[in-house]
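Structure at a glance
Read off the chains here:
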Amino acid sequence: MLTVTHNGKVYANWETADLTRSGVPLAVIGAAAKASAASEIARLANGWRAQVASASPGKLMEWQFKSQIAAAPDNADPAELALLDREAAARGLDRAALLDGITAKAVAYRRIALLIGALEAETKAAVAAVPDDAADIETQVNTALGAAKAQAEAAFAEAAALINGGS
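The structure presented is a predicted model; accordingly, all values stated were derived computationally and were not measured.

What follows concerns the packing of aromatic side chains. If you walk through the whole model with that rule in mind, you get one aromatic pair. A cation over an aromatic ring shows up here: Lys66 above the ring of Trp63, its NZ or CZ 4.7 Å from the ring centre.

Have a look at this one:
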């Protein structure tokens, strides 16, 4: 469903075929389809980001600190390492195992976050490359959106489970 304005008339929530039958030029329909797709791309990317970062801001900050310590434990404050030792013991782990788990989650988060950015940019570029007056613009736009969704869903199963699967 698209909303377009043509010759001063607003066509709100119309199907492409109905717009065409009403004499709205393909270029106007195409521009509206691409604008709608851009909104959908942003919505999808933000939804994916929300899935990955589903924890509270404080929890995310905790994980950022843990990731920094895990990256360079020899440079960490002894008091912070003692707190990690307490957490590790409560989880039935030693510090090395806890830091390994933190590192694995940090790597997974970075990769999925970077993938989301890449998919968002690639999908926007693919949609922008479709000519506004393409007769099959909806098909081309839906193909680009579908490809992004498929790639994201394939990557999410593994990464999100690792990132969110623990505290």
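Let's shift gears to the packing of helix H3 (residues 57-71) against helix H4 (residues 78-90). Packing of H3 against H4 leaves a shortest axis separation of 12 Å and a crossing angle of 110°. The angle between H3 and H4 places the two elements in the roughly perpendicular class. Listed contacts from H4 to Glu62, Lys66 and Ile69 of H3 are Glu80, Leu81, Leu84 and Glu87. Grouping the constituent residues of the contact of H3 with H4 by class yields three nonpolar, no polar and four charged.

With respect to the helices, strands and loops of the structure, His6 is situated in strand E1 (residues 2-6). His6 sits in the buried class, given a relative accessible area of 17%. Discounting residues that sit within four places of it in the chain, His6 has contacts with Tyr11, Gly23, Val24, Pro25 and Val28.

What counts as what
- Residues numbered from 1 in each chain as written.
- Predicted model: local features only at pLDDT ≥ 70, side-chain atom pairs only at ≥ 80, totals over all residues.
- Heavy atoms only, no water.
- Phe/Tyr/Trp six-rings, centres within 6.5 Å; stacked < 30°, edge-to-face > 60°.
- Lys NZ or Arg CZ within 6 Å of the ring centre and 35° of its normal.
- Axes fitted to C-alpha atoms, helices over the stretch in contact; angles between N-to-C directions.
- Helix = DSSP H or I, 4+ residues; strand = E, 2+ residues; numbered from the N terminus.
- Parallel < 35°, antiparallel > 145°, perpendicular 65-115°, else oblique.
- Contact = heavy atoms within 4.5 Å.
- Nonpolar A, V, L, I, M, F, W, Y, C, P; charged D, E, K, R; others polar.
- Buried < 20%, exposed > 50% of the residue type's maximum accessible area, 1.4 Å probe, protein only.

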